[in-house]
Amino acid sequence: MTNPAEELLDVVDAQDRVLGTATRGEVYRQGLTHRCVFILVRDPHGRIFTHRRSDTKLFAPGAYDCFVGGVVGAGETYASAAVREAEEELGVSGVEPVRLFKFLFEEEGLSWWCDVYEAVWDGPVSPQVEEVGWHDWLTETELAQRLTEWEFVADGREAYRRYSESR
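Residues numbered from 1 in each chain as written. Predicted model: local features only at pLDDT ≥ 70, side-chain atom pairs only at ≥ 80, totals over all residues. Heavy atoms only, no water.

J.: Please explain the overall build of the protein as it appears in this structure.
T.: Each helix and strand counted, the protein has four helices and nine strands in total. Listing the helices and strands of the protein from first to last along the sequence gives β-β-α-β-β-β-β-α-β-β-β-α-α. C-alpha atoms of the protein, sized along the principal axes, occupy 45 × 30 × 30 Å. For the protein, buried positions account for 48% of its 167 residues. Here the analysis covers contacts within the protein between residues at least 6 apart in sequence; of these, 61% occur between residues at least 24 apart. Summing over all exposed atoms, the protein offers an accessible surface of approximately 8300 Å²; the carbon and sulfur share of this is 48%. (Helix = DSSP H or I, 4+ residues; strand = E, 2+ residues; numbered from the N terminus. Buried < 20%, exposed > 50% of the residue type's maximum accessible area, 1.4 Å probe, protein only. Contact = heavy atoms within 4.5 Å. Areas by Shrake-Rupley, 256 points an atom, 1.4 Å probe, with all protein chains shown as cover.)

Here you go:
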């Protein structure tokens, strides 16, 4: 698919039950609740893959994030979306995300279920230029500092807060 706004997503309710489908563009315009996956990727030294989203993204262009991930396609499971999104965004194959928790993100007319995973990747990455404008591996201390200095996506910031509290 060449136009992400035309991607078909499941529209869900407050209990994460599928109500129907709509295009990503419709979902964003109408503020419909849908599904997303977030994968915190660490290297073997514990550093966290952190990136700046490309300026062409439909949601939060140019913002930073410490998760890779994205929307779950219509009929797709969270688990398969987590593998697909991690591999697409990192430009690798063989990622094995481990599920951690799920929460409903709601802010300013936006609403989506966030299924959060963690994975370790021991190898080079080649992020998609359509998705990632800059990337690096940051220690938790470096990431904590950047969270106070850089504009991070709100859902990623919330997911990282919950991740940190759950450890």
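J.: Got a minute to help me understand the packing of aromatic side chains in this structure?
T.: Each aromatic ring pair is characterised by the separation of its centres together with the angle its planes make. Going through the model one piece at a time under the given rule, you end up with eleven aromatic pairs. With 5.3 Å between their ring centres and 35° between their planes, Phe105 and Trp112 make a pair best called tilted. Trp112 sits in the buried class, given a relative accessible area of 3%. A cation sits over an aromatic face here: Lys102 above Trp113, 5.1 Å from the ring centre. (Phe/Tyr/Trp six-rings, centres within 6.5 Å; stacked < 30°, edge-to-face > 60°. Lys NZ or Arg CZ within 6 Å of the ring centre and 35° of its normal.)

J.: Teacher, can you tell me more about helix α2 (residues 78-90) here?
T.: Because an α-helix packs 3.6 residues into every turn, residues spaced three or four apart end up facing the same way. With 13 residues, α2 extends 18 Å between its outermost C-alpha atoms, agreeing within 8% with the 18 Å of an ideal straight helix rising 1.5 Å per residue. Of all the residues in α2, the buried ones are Tyr78, Ala81, Ala82, Glu85, Ala86, Glu89 and Leu90. Looking straight down α2, one finds that the buried residues subtend no more than 135° of arc, so they occupy a single side. Buried-residue contacts for α2 involve β3 (34-42), β4 (48-53), β6 (68-71), β7 (98-107), β8 (110-120) and β9 (132-138). Backbone geometry just downstream of α2 places Gly91 in the positive-phi region, at approximately 70°. (Expected span 1.5 Å × (residues − 1). Arc of directions from axis to C-beta.)

J.: Explain the pattern of salt bridges to me, please; I cannot follow it from the model alone.
T.: A side chain of one charge can pair with a side chain of the opposite charge when the charged atoms of the two come close. Considering all chains together, one arrives at 18 salt bridges under this definition. Glu165 is paired through a salt bridge with Arg161; the nearest N and O atoms lie 2.8 Å apart. Note that Glu165 and Arg161 are positioned in helix α4 (residues 154-166) at a spacing of four residues, about one turn of the helix. In this structure Glu165 comes out as exposed when scored by relative accessible area, which is 57%. (Salt bridge = Lys/Arg side-chain N within 4 Å of Asp/Glu carboxyl O.)

J.: Looking at this structure, how should I read the layout of surface pockets?
T.: Where empty space is left becomes clear once a probe the size of a water molecule has been rolled over the atoms. Approximately 740 Å³ is the volume attributed to the largest pocket. Considering the residues around the largest pocket, the lining is formed by 33 residues, among which Pro4, Arg24, Lys57, Glu85 and Glu131 are closest to the centre. When residues of the lining of the largest pocket are traced back to their parent elements, those giving at least two are α1 (24-30), β3, β4, β6 and α2. In terms of residue class, the lining of the largest pocket is built from 13 nonpolar, eight polar and twelve charged. (1 Å grid on protein atoms, 1.4 Å probe; cavity = no way out; pocket = protein on both sides within 12 Å on 5 of 7 lines; lining within 4 Å. Points joined across faces, edges and corners; volume = space filled by probe spheres on them. Nonpolar A, V, L, I, M, F, W, Y, C, P; charged D, E, K, R; others polar.)

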